Amino acid sequence: MISAGFQFRLLTIHDYDSLVEALLWQEGVGMSGSDSVHGVAKFLARNPGMSFVADAEGMLAGCVLGGHDGRRGYLYHVSVSPQFRRRGVARGLVARTVAAIAAEGIEKIHIDVFADNGAGLAFWRAIGWHDRDELKRFSFTPPLRRNS
């Protein structure tokens, strides 16, 4: 379904509190300290024009953070409010972000999805993304150095 009735626009740091209040970054989204208002502001500044929100009925219906490292593109925190799901919002958000990343000459884009997020896994498969069974993600959190 086409996302009729939704207004898509660039996500700005001014949307941060509304996203948190609307609980868009709760269900199925792994939040960490880097998702603070400061961390998201840094991300948006480094990746201008690649993150979007969908507005509907005076509310935030969905959002996506998108960016790249110069070689590969990445989507983060793709989320749609339950009352607006299955109406094309996620597809609209993803399409805009993919187009923005591709316009930078990036040929491959990734997203991490929790293994137990059945709805998320089904969505990504349904829109043509594929699982990478040959990869395993490793993470490390180094201690922060603070200037004394």
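Small disclaimer: the values here were computed from a predicted structure and weren't measured.

Visitor: Mind laying out the overall build of the protein, listing which residues take part and the relevant values?
Guide: In terms of regular secondary structure, the protein is built from four helices and five strands. Listing each helix as α and each strand as β along the protein from the N terminus yields β-α-α-β-β-β-α-β-α. Sorting the 148 residues of the protein into buried and exposed places 34% on the buried side. A separation threshold of at least 6 residues defines the contact pool for the protein, and within that pool the share at least 24 residues apart is 64%. Of the roughly 9,700 Å² that the protein leaves accessible, carbon and sulfur atoms contribute 53%.

Visitor: Break down the sheet that holds strand β2 (residues 52–56) for me, with residues and values.
Guide: With respect to topology, five strands assemble into an open sheet ordered β1-β2-β3-β4-β5, the strand pairing being mixed. Here the strands that pair on one side only, and so sit at the sheet edges, are β1 (7–10) and β5 (109–111). Across this sheet, the average inter-strand angle for adjacent strands is 25 degrees, counted without regard to direction. Two strands pair when backbone bridges link them, and β1 and β2 are joined in this way by four bridges, in the antiparallel orientation. Its bridge partner being in β2, Arg 9 is matched across the sheet by Val 53.

Visitor: Tell me about the pairing of strand β4 (residues 73–80), and please be specific about residues and values.
Guide: Here six bridges tie strand β3 (residues 59–68) to β4, and the two strands are oriented antiparallel to one another. What sits directly across from Leu 65, in β4, is Tyr 76. Hairpin geometry of β3 and β4 is characterised by an intervening segment of four residues between the two adjacent antiparallel strands and by a positive phi of about 95 degrees at Gly 70. Two elements, β4 and β5, share three bridges in a ladder whose sense is parallel. Across the sheet, the residue bridging to Tyr 74 is His 110, located in β5.

Visitor: With reference to specific residues and values, describe the pairing of β3.
Guide: Most of β3 sits out of view: nine of its ten residues are buried. Sheet topology note: the β2/β3 ladder contains five bridges and is antiparallel. Residue pairing across strands places Ala 54 opposite Gly 62, the latter belonging to β3. If you look at the hairpin formed by β2 and β3, you'll find two residues sitting between the two strands, and Glu 57 has a positive phi there, around 50 degrees.

Visitor: Could you give an account of the packing of aromatic side chains, naming the residues involved and the relevant values?
Guide: Applying the stated criterion across every chain yields a total of five aromatic pairs. With a centroid separation of 5.6 Å and 90 degrees between ring planes, the pair formed by Phe 43 and Tyr 76 is classed as edge-to-face. One end of the pair, Phe 43, is in helix α2 (residues 37–46); the other, Tyr 76, is in strand β4, and 33 residues separate them in sequence. Measuring from centroid to centroid gives 4.8 Å for Trp 124 and Trp 129, while their planes differ by 65 degrees, and the two rings are edge-to-face. Since its relative accessible area comes to 8%, Trp 124 is described here as buried. Judged by its relative accessible area of 22%, Trp 129 falls in the partly exposed class. Through successive ring pairs, a cluster of aromatic residues spans Phe 43, Tyr 74 and Tyr 76.

Visitor: An account of the pattern of salt bridges is needed here, citing residue identities and associated values.
Guide: Side chains that carry opposite charge are capable of pairing whenever their charged atoms lie near each other. This structure, assessed with the given rule, holds five salt bridges. One network of salt bridges, in which partners are shared, links Arg 9, Asp 15 and Asp 55.

Visitor: Break down the nonpolar core for me, with residues and values.
Guide: Of all hydrophobic cores here, the largest spans 20 residues; its most connected members are Phe 6, Leu 75, Phe 84, Val 89 and Leu 93. Contributing elements (two or more residues each) for this core: β2, β3, β4 and α3 (89–102). Sorting elements by how many residues they give to this core places α3 first, with six residues. Residues within four places of Phe 84 in sequence aside, it is in contact with Phe 6, Ala 56, Glu 57, Met 59, Ala 61 and Val 89.

Reading the values: rules and limits
- Residues numbered from 1 in each chain as written.
- Predicted model: local features only at pLDDT ≥ 70, side-chain atom pairs only at ≥ 80, totals over all residues.
- Heavy atoms only, no water.
- Helix = DSSP H or I, 4+ residues; strand = E, 2+ residues; numbered from the N terminus.
- Buried < 20%, exposed > 50% of the residue type's maximum accessible area, 1.4 Å probe, protein only.
- Contact = heavy atoms within 4.5 Å.
- Areas by Shrake-Rupley, 256 points an atom, 1.4 Å probe, with all protein chains shown as cover.
- Pairing = 2+ DSSP bridges.
- Axes fitted to C-alpha atoms, helices over the stretch in contact; angles between N-to-C directions.
- Phe/Tyr/Trp six-rings, centres within 6.5 Å; stacked < 30°, edge-to-face > 60°.
- Salt bridge = Lys/Arg side-chain N within 4 Å of Asp/Glu carboxyl O.
- Core = buried A, V, L, I, M, F, W, Y, C linked by side-chain atoms within 4.5 Å.

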